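So the chains spell out like this:
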Amino acid sequence: MKNLFSYQLSINSYCLLLISYCILSIGFIADDYFSITQKDVAFKNPKGFPKPVYDLSKNKITPAGFLLGRKLFYDGILSKDNTISCASCHQRFAAFAHIDHQISHGINNLIGKRNVPALQNLVWNSSFMWDGGVNHLDLQPVAPITNSLEMAETLANVLKKLRQNKEYVLMFKQAYNDTVITTDKFLKSISQFLALMVSADSRYDRYTNGKDTLSKSEKNGLKLFRANCAACHKEPLFTDNSFRNNGLTINPAFNDSGRLMITGLKSDYLKFKVPSLRNVEVTYPYMHDGRFYSLKQVLNHYTKTNTEGEIRDPVLQKGIILNEQEKTDIISFLKTLTDKTFLHDRRFDNPFLASYIKKIEIKPVVLSEDELIVKYKTSWDSVQLKTSNRIPQYATYIDELDKITENIEKHCKQPKTKLPKLEKLQAQLQNSKKHKEAIANYFTYGQPNSITELTEACKQVLSIINKADIEITNTDIKKPSKTGWVVLVSYKIKGNTDVIKTSSFEINYNPATKTYTAVQKK
Amino acid sequence: MNYFKRILITTACVVVFIIVTSFAAPNNGKLTIRFNNYAGNSVLNLDSTYKNQLGQPFKVTNVKYYISNIVLRKYGEGPRGVVPNYDYVSIKEYYLINEMDEDSKQINLNVPIGTYDDMTFIIGVDSLHNCSGIQEGALDPINGMFWAWNTGYIFLKFDGTSPLSKSNGRILEYHIGGYRSPNNCIRKVTLRLNHSIQINSSTSINIKADILQLFKSPTPMDFSKLSSVVDFHNATTIADNYAGMFSLIEK
């Protein structure tokens, strides 16, 4: 299960609680959660990383500058109608990509034409955007701010709004010892915030530094990755910052010719930037137009023998050959690039939540288990208002529950509080009425954790029915049902490649065991 | 002993400095370069209707352009132009000339007094300053002469209207920029000063910028076919035209 939304909650690190009879809970938010000290803004070049491209000596990061940049990043004031902030599309828990959104969304529900890229290790980027159109980190924010489909604002008007805002005038004064708000100071503050978004503490990093181990499958995945993928996704940044045509056919809906629009060179037709694969597990969907929702689909694309793309990068000309097991290994390796230190880093959290969190600070009270769910949901919903209007996945809900029980355990490790075992507490929570209601609600709107998992469930059932190995050629989620999903799969029996059959399944998810059950529908 | 040596050296330095600066100071004169926008032979008027080379009528809404890397050159001894210039003054400043802003059209400089044979400048912003992050002053992106999606300055912005335009609102928009080959729109202008300019305490150079030339040669513009240039497509065609837009107004 993915820990997608859980951090939002963990930050709240609020409450505690209770157990069956009545106990005490202690409200708690670390006072320094949103504060930033000199130590917090120290830039350290991670071991093995090259020298940054961005010249940090020309924009020294200070706590006040970083705080200002963080506020700007999370503030809708940058957009024409004050509703869209950078964080509207760049979500912290998704390494600042827009999780589960194929194409970027902007003002008045307008849709862009490309997938929101993750924001991480930006100081090592030599250019920005999928087409590399922006050549300097300081100038990058101007593009979304002025794009009519994104924030649709003018630079002049943003500065005007900031100058009229007492809080910002004060923050600029604190950061630059000057109340005059200029383009230069405005953009450099955002850069200070962005520059510290460094992801270099994934399991992969710890493994290469001798601090962690990888499983057999992950190690094999790394080996295969180095042999097949690393030519473009170069370690340790997992990109070589180049632009390449990876053989994707042009999507007529967007008609996006890629880097050609920047350079005017015909040879750049359909070339896009090689993205970093760090945190790739949480940055789906993939590719410049978000056409693939799973890593398996991505690997299937690269291992296709006959590409329909018109031009293809030389390193991909001879194709990549991987069997199913090898694909699985590569995917398990890619998941070691998930950097929880980065994804949970409190420094990047939404400062506008500070006042909210203050409001819900809980004094020691008696809570029932139902109330735990209620409090928990309240907090979550409020966070959601700030981030996405989509209701998160059911799986995430379960993960958050894990998180909260962990928090309870952590905070109750006080001598006077006697706690039942965590497992017992968890079981009680999961059996509670409120919890079941919550599940029902989220299920209705929820989404599967990944298509791969649903496909796998169908595959298992089909191979039993057919008494043969099955290859699923297409998976289509028809609709979410009350307790799961209705899925239509196309499949063929291995060795009998001509006949493609379709079958419909009702798939259910059991939160307690975290397993799927698939039932074939007549 | 050491102490006296130091005093002596310091005094000597101060004396030399005073002598040098007293010689250098009166060597500067004021030079005013004025850009005058014209349409053919008359001063540009935003209310007038003009005709392009093909006789198509149009009106000008506004014109803005960058002038930078101004260099004043003196030729050496010997036949003019044959011997490489041996002395020049280079101005490291960027100017945004805006038809609607009278003050922007006048550039005030302090340059060494002397006789100058020609003057060069570029229309646009050199590639270095297109790649150096945020700039201030005339190059502040807030001036709107900046592309956010493809970092770089718009060197010349012509906005107007023509009944022949096929664009919405019958507008004409030629926003020309780009510093990368093969769509480099930076153009260098050399103005030969027919009689050498003697810059003394206060001198003016008047430059004519003929807006009609934007649509004239080498490639005449047909407004009914091309009314909008806002990226690299066709940009160099107009850049080649504006390269010939500037001339000296002789007194």
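Predicted model only: the values in this text are computed from it and were never measured. (Residues numbered from 1 in each chain as written. Chains lettered and ligands numbered in written order. Predicted model: local features only at pLDDT ≥ 70, side-chain atom pairs only at ≥ 80, totals over all residues. Heavy atoms only, no water.)

Draft legend 1. Summary view of the overall build of chain B. In terms of regular secondary structure, chain B is built from three helices and 14 strands. By the burial criterion, 49% of the 251 residues in chain B qualify as buried. Of the contacts formed within chain B by residues at least 6 apart in sequence, a portion of 74% connects residues at least 24 apart. Surface summary for chain B: the accessible area is close to 12600 Å², and the carbon and sulfur share equals 54%. (Helix = DSSP H or I, 4+ residues; strand = E, 2+ residues; numbered from the N terminus. Buried < 20%, exposed > 50% of the residue type's maximum accessible area, 1.4 Å probe, protein only. Contact = heavy atoms within 4.5 Å. Areas by Shrake-Rupley, 256 points an atom, 1.4 Å probe, with all protein chains shown as cover.)

Draft legend 2. The overall build of chain A, seen in detail. A tally of regular secondary structure across chain A gives 19 helices and six strands. The burial tally for chain A puts 55% of its 522 residues in the buried class. Look at the contacts in chain A between residues 6 or more apart in sequence, and 67% of them connect residues 24 or more apart.

Draft legend 3. Here's a closer look at the interface of chain B and chain A. Facing 21 residues of chain B, the contacting portion of chain A comprises 23 residues. Our enumeration of links across chain B and chain A arrives at zero salt bridges. Linking chain B to chain A there are seven residue pairs in polar contact (both at pLDDT 80 or more). Broken down by class, the residue content of the side of chain B that touches chain A amounts to ten nonpolar, seven polar and four charged. (Salt bridge = Lys/Arg side-chain N within 4 Å of Asp/Glu carboxyl O. Polar contact = N/O pair within 3.5 Å; in protein donor to acceptor, adjacent residues only side chain to side chain. Nonpolar A, V, L, I, M, F, W, Y, C, P; charged D, E, K, R; others polar.)

Draft legend 4. Representation of the environment of Lys-173 of chain A in the model. Residue and element names in this part refer to chain A. Along the chain, the position of Lys-173 falls in helix H6 (residues 166–176). A relative accessible area of 40% means that Lys-173 is categorised as partly exposed. With 102 residues separating them in the primary sequence, Lys-173 and Pro-275 have C-alpha atoms 37 Å apart. Not counting chain neighbours up to four residues away, the residues in contact with Lys-173 comprise Asp-178 and Thr-179.

Draft legend 5. Just the pattern of salt bridges, in detail. As enumerated under the stated definition, the model contains 28 salt bridges over all chains in all. Across the pair Asp-212 of chain A and Arg-203 of chain A runs a salt bridge, and its minimum N-O distance is 3.8 Å. Arg-203 of chain A gets classed as partly exposed once you look at its relative accessible area, which sits at 29%. A salt bridge links Arg-187 of chain B to Asp-240 of chain B; its shortest N-O distance comes to 2.8 Å. Note that Arg-187 of chain B is positioned in strand E11 (residues 187–199) and Asp-240 of chain B in helix H3 (residues 235–242), a separation of 53 residues in sequence.

Draft legend 6. Representation of empty space enclosed by the protein in the model. Counted under the stated rule, the structure contains six cavities of 30 Å³ or more. Approximately 170 Å³ is the volume found for the largest cavity. Surrounding the largest cavity, 15 residues form its lining, Ile-262 of chain A together with Asn-150, Gly-177, Gly-178 and Tyr-179 of chain B being those nearest its centre. For the lining of the largest cavity, a count of residues per class yields six nonpolar, seven polar and two charged. (1 Å grid on protein atoms, 1.4 Å probe; cavity = no way out; pocket = protein on both sides within 12 Å on 5 of 7 lines; lining within 4 Å. Points joined across faces, edges and corners; volume = space filled by probe spheres on them.)

Draft legend 7. Fine view of the pairing of strand E9 (residues 152–161) of chain B. Residue and element names in this part refer to chain B. Along E9, eight of the ten residues are buried, which leaves the element largely enclosed by surrounding structure. With six bridges connecting them, strand E4 (residues 57–74) and E9 associate as antiparallel partners. From the neighbouring strand, Lys-64 faces E9, where its bridge partner is Lys-157. With two bridges joining them, strand E8 (residues 146–147) and E9 adopt antiparallel strand pairing. Paired with Phe-146 across the strands is Tyr-153, a residue of E9. Linkage of E8 to E9, two consecutive antiparallel strands, is achieved through a turn of four residues. Here E9 pairs with strand E10 (residues 171–177) via seven bridges, running antiparallel. Across the sheet, residue Asp-159 finds its bridge partner in E10, namely Glu-173. (Pairing = 2+ DSSP bridges.)

Draft legend 8. View of helix H12 (residues 324–334) of chain A. Buried within H12 of chain A we find Lys-327, Asp-329, Ile-330, Ile-331, Ser-332, Phe-333 and Leu-334 of chain A. Between the side-chain oxygen of the N-cap and the backbone nitrogen of Gln-325 of chain A there are 3.1 Å, and the N-cap of H12 of chain A in question is Asn-323 of chain A.

Draft legend 9. Region of interest: the nonpolar core. Within the largest apolar cluster, 150 residues are counted, with the highest numbers of intra-cluster contacts made by Phe-186 of chain A together with Phe-121, Phe-158, Tyr-242 and Phe-246 of chain B. Leave out the neighbours within four places in its chain, and Phe-246 of chain B touches Phe-35, Tyr-65, Ile-67, Phe-121, Ile-123, Val-189, Leu-191, Ile-207, Lys-208 and Ala-209 of chain B. Residues Ala-457, Val-489, Ile-507 and Tyr-516 of chain A belong to the second largest nonpolar core, which totals 15 residues. (Core = buried A, V, L, I, M, F, W, Y, C linked by side-chain atoms within 4.5 Å.)

Draft legend 10. Molecular detail of helix H2 (residues 63–74) of chain A. All names here are of chain A. In a regular helix each residue adds 1.5 Å, so twelve residues correspond to 16 Å; H2 covers 17 Å between its end C-alpha atoms and thus fits that length. Of all twelve residues in H2, ten are buried, a share of seventy percent or more. By the burial criterion, the buried members of H2 are Pro-63, Gly-65, Phe-66, Leu-68, Gly-69, Arg-70, Lys-71, Leu-72, Phe-73 and Tyr-74. Turning to H2, the residues buried within the fold contact helix H3 (86–89), helix H5 (155–163), H6 and helix H7 (183–195). (Expected span 1.5 Å × (residues − 1).)

Draft legend 11. Representation of the side chain of Ser-85 of chain A. Residues and elements named next belong to chain A. As for its placement among the helices and strands, Ser-85 is situated in the loop between H2 and H3. Among the polar contacts listed, one links the side chain of Ser-85 to the backbone nitrogen of Ala-87, at a separation of 3.2 Å. In this structure Ser-85 touches Phe-73, Tyr-74, Asp-75, Gly-76 and Met-151, once residues within four positions along its chain are discounted.

Draft legend 12. Highlighting the packing of aromatic side chains. Residues and elements named next belong to chain A. Under the counting rule described, the total for this entry stands at 34 aromatic pairs over all chains. Taken together, the aromatic side chains of Phe-66, Phe-73, Tyr-74, Phe-96, Phe-193, Phe-342 and Phe-348 make up a single cluster linked through ring pairs. Here the basic side chain of Arg-259 rests over the ring of Phe-243, its NZ or CZ set 4.0 Å away from the ring centre. (Phe/Tyr/Trp six-rings, centres within 6.5 Å; stacked < 30°, edge-to-face > 60°. Lys NZ or Arg CZ within 6 Å of the ring centre and 35° of its normal.)

Draft legend 13. How the structure looks around the side chain of Thr-263 of chain A. With respect to the helices, strands and loops of the structure, Thr-263 of chain A is situated in helix H10 (residues 260–263). A relative accessible area of 9% places Thr-263 of chain A in the buried class. At 3.1 Å, the side chain of Thr-263 of chain A forms a polar contact with the backbone nitrogen of Leu-265 of chain A. With residues up to four places along the chain from it excluded, the contact list for Thr-263 of chain A reads Asp-268 of chain A together with Pro-182 and Asn-183 of chain B.

Draft legend 14. Quick look at the confidence of the model for chain B. Summary statistics for chain B give a mean pLDDT of 86 and a share of 83% for residues scoring 70 or more. Overall fold confidence for the complex sits at a pTM of 0.70, while the interface term, ipTM, reaches 0.78. (pLDDT = per-residue confidence, 0-100.)

Draft legend 15. Quick look at the environment of Ile-465 of chain A. Turning to its location among the elements, Ile-465 of chain A is positioned in helix H19 (residues 451–466). Counting along the chain gives 239 residues from Ile-465 of chain A to Arg-226 of chain A, while the straight-line C-alpha distance between them is 39 Å.

Draft legend 16. Broad picture of the packing of H2 of chain A against H6 of chain A. Residue and element names in this part refer to chain A. The contact between H2 and H6 brings their axes to 8 Å, and the two run at 150°. Every pair of crossing elements has a handedness; the one defined by H2 and H6 is left-handed. For the pair H2 and H6, the contacting residues are Ala-64, Gly-65, Leu-67, Leu-68, Lys-71 and Leu-72 in the first and Glu-167, Tyr-168, Met-171, Phe-172, Gln-174, Ala-175 and Tyr-176 in the second. Its residues assigned to classes, the contact of H2 with H6 comprises nine nonpolar, two polar and two charged. (Axes fitted to C-alpha atoms, helices over the stretch in contact; angles between N-to-C directions. Left-handed = near helix turned anticlockwise from the far one by under 90°.)

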